[in-house]
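Tertiary structure, described
One letter stands for each residue in the lines below.
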Amino acid sequence: MAGVRIDKYLWAIRAFKTRSEATEACKGGKVKVGGVNAKPSRDVAPGDVIQVRKGAVTFTYQVLQCLENRVGAKLVPDFALDLTPEEEKEKLRAPVETFFVTRDRGAGRPTKKERREMDQLWDSFDAD
């Protein structure tokens, strides 16, 4: 087998949950092969380096062998070498800072006065 479509390959090595997600990522410019944006129909061959951007993290894989069908997670290292730097993997572990205003269940939507109070609270956090 000389090569395989990149969307199929990324799905097969479990970089994406579905093949359509892999196709959309290629169309959206989130997949690069050798630093160049890859269309979903581009063939990859052993030795190619693929960069996949998912959110803030850019994963890097080297193609070891081509495959058409999805394989189990334990077999993925036989087909793709994960070259993702540790700094990128740390972004996955970073805590997500979120702020929630809690309301009693069943309290309904906030009143205009409550909404203004929440907005003032948000503004005080933005000023810091």
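Below or above, wherever it landed, is the structure these notes cover. (Residues numbered from 1 in each chain as written. Predicted model: local features only at pLDDT ≥ 70, side-chain atom pairs only at ≥ 80, totals over all residues. Heavy atoms only, no water.)

Side note on unusual backbone geometry
Convention followed: Think of it this way: any DSSP run of H or I at least four residues long counts as a helix, any run of E at least two long counts as a strand, and we number them from the N terminus. We call a residue buried when its accessible area falls under 20% of the maximum for its residue type, exposed when it is over 50%, and partly exposed in between, using a 1.4 Å probe and counting protein chains only.
Phi is positive for Arg14, which is not a glycine, with a value near 70 degrees. Mapped onto the elements of the fold, Arg14 is located in the loop between helix H1 (6-12) and helix H2 (19-27). Judged by its relative accessible area of 41%, Arg14 falls in the partly exposed class.

Examining the sheet that holds strand E5 (residues 49-54)
Counted only if it meets this: At least two bridges found by DSSP between two strands are what make those strands a pair. In what follows, residue pairs with any heavy atoms lying within 4.5 Å of each other are defined as contacts. Geometry is summarised by axes, namely lines fitted to C-alpha atoms with helices restricted to the contacting stretch, and by angles between N-to-C directions that run from 0 to 180 degrees.
Pairing is antiparallel in the open sheet, where 5 strands are placed in the order E3-E2-E5-E6-E7. The outermost strands of the open sheet, each flanked by one partner alone, are strand E3 (36-37) and strand E7 (80-82). Strand direction decides the pairing type here: strand E2 (residues 31-33) and E5, joined by 3 bridges, are antiparallel. Note that in E5 the partner of Val33 across the bridge is Ile50. Here helix H3 (residues 86-93) sits on the sheet in contact with strand E6 (57-63) and E7, set at roughly 135 degrees to E6.

Overview of the pairing of E5
In the sheet, E5 pairs with E6 via 6 bridges, with the strands oriented antiparallel. What sits directly across from Arg53, in E6, is Thr58. Turn length for the E5-E6 hairpin, with the two strands adjacent in sequence and antiparallel, is 2 residues, and the turn residue Gly55 shows positive phi of about 70 degrees.

Overview of the environment of Lys8
The condition that has to hold: As used in this structure description, the phrase polar contact means that two N or O atoms lie within 3.5 Å; if the pair is within protein, one of them must be able to donate a hydrogen and the other to accept it, and residues adjacent in sequence are counted only when both atoms belong to side chains.
Structurally, Lys8 is set in helix H1. Linking Lys8 and Ser41, residues 33 residues apart in sequence, is a C-alpha distance of 8.8 Å. In contact with Lys8, other than residues within four places in its own chain, are Arg19 and Glu68. Here Glu68 takes part through its side chain, which lies 2.9 Å from a polar atom of the side chain of Lys8.

A word on a nonpolar patch on the surface
To keep it simple, the criterion reads: Each patch is assembled from residues with relative accessible area greater than 30% and no salt bridge, linking like charges that lie within 9 Å and nonpolar side chains (Val, Leu, Ile, Met, Phe, Trp, Tyr) that lie within 5 Å. Computed by Shrake-Rupley with a 1.4 Å probe, the accessible areas treat only the displayed protein chains as cover when residues are assessed. In the sections that follow, a salt bridge refers to a side-chain nitrogen of Lys or Arg positioned within 4 Å of a carboxyl oxygen of Asp or Glu.
A cluster of nonpolar side chains, namely Val49, Leu64, Leu81 and Leu83, defines an oily patch on the protein surface of about 280 Å² accessible area. Examined against the element boundaries, Leu81 turns out to sit in strand E7.

A look at the pattern of salt bridges
Summed over all chains, the structure comprises 7 salt bridges. Between Asp7 and Arg5 there is a salt bridge, and its shortest N-O distance comes to 3.1 Å. By relative accessible area, Asp7 is classed as buried at 2%. Via salt bridges that share partners, Arg5, Asp7 and Arg19 belong to a single interconnected network.

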